[in-house]
Amino acid sequence: MGLRNVLARAAVTRCHVFLVEALAGSGSRMAVERFIADRGWVEALSPGDADILCICGEVPDDQTDAVERLWDQLPGPRSRTVVTGPEHAGRALDGCVDELLAVDGQSRLEAGRSATEPEQADDGGMDHGGGDSHADMDHGGMDHSGMSHEGMDHGGMEMPMPGGIGLAGEGKDRDGLDLDALKVPLGPYLPFWPAGLVLHCELQGDIVFAARAEYAFGQSTESHVGGPLGTDRAALVRQSDLVSRLLHLAGAARESARVRGVRDAALDGAALDECRRSLAAVGARLRRDWLLRRTLQGVGRIPQGGEPGELGGTDAWDRLLATLNGAAAAGTATAGGVPLGVLPDLVRGLELSVVRLIVASVDLSPLPVPAGEGQAR
C-alpha cells in the first residue's frame, strides 16, 4: 500500500462534513448529525474546512448555482452527496468515504480542476450575476470574538478587488453621516442556520445598520419530524433541536451535545418522560453557567408590547430557557415564534458576530403544537 493510500485511510477516520439543509431537509440533517457524532467526525463550519459536502433535502432549481459555489470552495480530496431521507444518511456518507479513498481518481479530478483555475481567476472569483442571486456565504466558525469570513463569495457585489472582495459603497449612519457600507447576505446555507433564510445586511465596519430578511425558497411545510403534526414528541424534537443549535453557537458544546442526544433518543422512540427529565437536568446546569448567561443576556431583546407580544421583553437567554422549559414540560406547546419581519429590527445596530446568536434564539417557523395533544408516553 502506497503512502498516499495510508494517508487517505488516516484522513477518513475523522472526516469534516459541511452540511447544507435544503427544502424539507431537517429530518435528513438530524440523521447526518447523529452519524457524524457516532463516527467521531467533525461538522465543518466552512466549506474550506470540509472533505464532504452533504446536501440534506431537495435543492430548488434556482439554488443549484449557490450549491455549486459551495462545492467549488471545498479543497481536494473531496466528495459530495445528497441525503433525501434519514434512512439514507449512513449509506450516503459511507459512499463519500469510498470516493475519498479512491486516491487515483481524486488525483485526476484535482488535475482537471487545477487546469480550469486560471480561467476562473480572471474576474477574481466574483459572481456578477446581480443581487438576485443569493450567495452561499461562508460565515461559519463563530466564536465569542467574532465570525470567520474566509472564502466568502460576495455574489452581486460591484468593483471586485483581488481575492473577490467587493468595495464598499456609501450609506448614511444613524447620525446622517456618509460612511462606507458593505452589503453582505448571510445564508441561505450556513451551519446552525434556518434552512433557506437569507439576511441581507448592510455593514459599516462590523455593525449592521440595515437588514432585510427573506427565504431563498419557500418555507418547508415539513413539520412532522419526530411524529405526526401537533404531537408532544414532534414538539420535543423541534425544541431540543433549536436549543442544541443555540448552545453550540454560544460555545456550550458539551451541553449542546447532551441536548442533541435527548433529541435523537426521542426520534428513536424513547419514553418522553425520560427525555424530559434529561432536559430538566440540562436546564438546571445551564442556570448555573454564569459565562453562558453573560454571553446571551441582553442579546436580541424584543421590546415589551411589540410584536410578537408573548416574547416581548425577552432576550436570547430568556428564550433559551423558555424553549428548554417547554421541551422539558409535558403537554407544552412550542414557545411563540417570531415573524420573519421582526428579525431586521433585532439585528440592527449590532455587531455581525452577534447576529448568529439572535437568529438561533428565535423560532422563525414555529410548529403548531396544541397543549396536551401527544403520543402515548
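**Student:** I'd like to hear about the overall build of the protein chain, residue by residue, with values.
**Tutor:** Scanning the protein chain from terminus to terminus reveals 12 helices and eight strands. Considering the protein chain as a whole, with its 377 residues, one finds that 50% of them fall into the buried category. Taking all contacts inside the protein chain whose residues are at least 6 apart in sequence as the whole, residues at least 24 apart take part in 69%. Of the roughly 17,100 Å² of accessible surface on the protein chain, 52% is carried by carbon and sulfur atoms.

**Student:** Give a detailed account of the environment of Val 237, specifying residues and quantitative values.
**Tutor:** Here Val 237 shows up in helix α6 (residues 232-249). Exposure remark for Val 237: the relative accessible area of 1% places this residue in the buried category. Note: C-alpha distance between Val 237 and Cys 275 (38 residues apart in sequence) is 9.9 Å.

**Student:** Before we move on, can you summarise the pattern of salt bridges with the specific residues and values?
**Tutor:** All told, the structure shown has 24 salt bridges when counted by the stated rule. Ionic pairing is found between Arg 277 and Glu 274, a salt bridge with its closest N-O pair at 2.8 Å. Pair noted here: Arg 277 and Glu 274 are both in helix α8 (residues 272-287), with a separation of three residues, about one helical turn. Arg 277 gets classed as exposed once you look at its relative accessible area, which sits at 52%. A cluster of three or more residues bridged by salt bridges with shared partners is formed by Glu 21, Arg 29, Glu 33, Arg 34, Glu 43, Asp 241, Arg 245, Arg 260, Arg 263, Asp 264 and Asp 268.

**Student:** If you had to explain the packing of helix α7 (residues 253-267) against α8 to someone new, which residues and values would you point to?
**Tutor:** As a packed pair, α7 and α8 sit with axes 10 Å apart at the nearest point and diverge in direction by 170°. The angle between α7 and α8 places the two elements in the roughly antiparallel class. The handedness of the crossing between α7 and α8 comes out as left-handed. Between α7 and α8, the contacting residues are Glu 255, Arg 258, Val 259, Val 262, Ala 265 and Ala 266 on the first element and Cys 275, Ser 278, Leu 279, Val 282, Arg 285 and Leu 286 on the second. Residues of the contact of α7 with α8, tallied by class, amount to eight nonpolar, one polar and three charged.

**Student:** For the nonpolar core, give the residues involved together with the corresponding values.
**Tutor:** Ranked by size, the top nonpolar core spans 54 residues in total, and within it Leu 186, Leu 199, Leu 292, Leu 296, Leu 320 and Leu 343 carry the most contacts. One finds Val 12, Val 17, Val 83 and Ala 92 within the second-largest nonpolar core, a separate group that totals 19 residues.

The rules behind the values
Every chain's residues receive numbers from 1 upward, in the order its sequence appears when written. Where local features are concerned, this predicted model is filtered to residues with pLDDT of at least 70; where side-chain atom pairs are given and counted, the filter is 80 or more; whole-chain, interface and lining totals use all residues. The side-chain values count all of the structure's non-hydrogen atoms but skip hydrogen atoms and water molecules. Elements are defined by DSSP. Helices are runs of H or I of four residues or more, strands are runs of E of two residues or more, and each kind is numbered from the N terminus. When a residue's accessible area, from a 1.4 Å probe over protein chains only, is under 20% of the maximum for its type it is buried; when over 50% it is exposed; and in between it is partly exposed. The contact rule is simple, with two residues in contact once any of their heavy atoms fall within 4.5 Å. For accessible areas, the Shrake-Rupley method is used with a probe of radius 1.4 Å. Any residue's cover is judged against the shown protein chains and nothing else. Salt bridges are defined by distance alone: a side-chain nitrogen of Lys or Arg within 4 Å of a carboxyl oxygen of Asp or Glu. To obtain each axis, a line is fitted to C-alpha atoms, and for helices this fit is confined to the stretch in contact; angles are then taken between N-to-C directions over 0 to 180 degrees. Roughly parallel covers angles under 35 degrees, roughly antiparallel covers those over 145, roughly perpendicular covers 65 to 115, and oblique covers all other angles. For any helix crossing, the convention is left-handed if the near helix is rotated counterclockwise from the far helix by under a right angle, and right-handed if that rotation is clockwise. Nonpolar residues are Ala, Val, Leu, Ile, Met, Phe, Trp, Tyr, Cys and Pro. Charged residues are Asp, Glu, Lys and Arg, and all others, Gly as well, are polar. Among buried residues, those of type Ala, Val, Leu, Ile, Met, Phe, Trp, Tyr and Cys that are joined through side-chain atoms within 4.5 Å constitute a nonpolar core.

These values are about where atoms sit, not about what they do.
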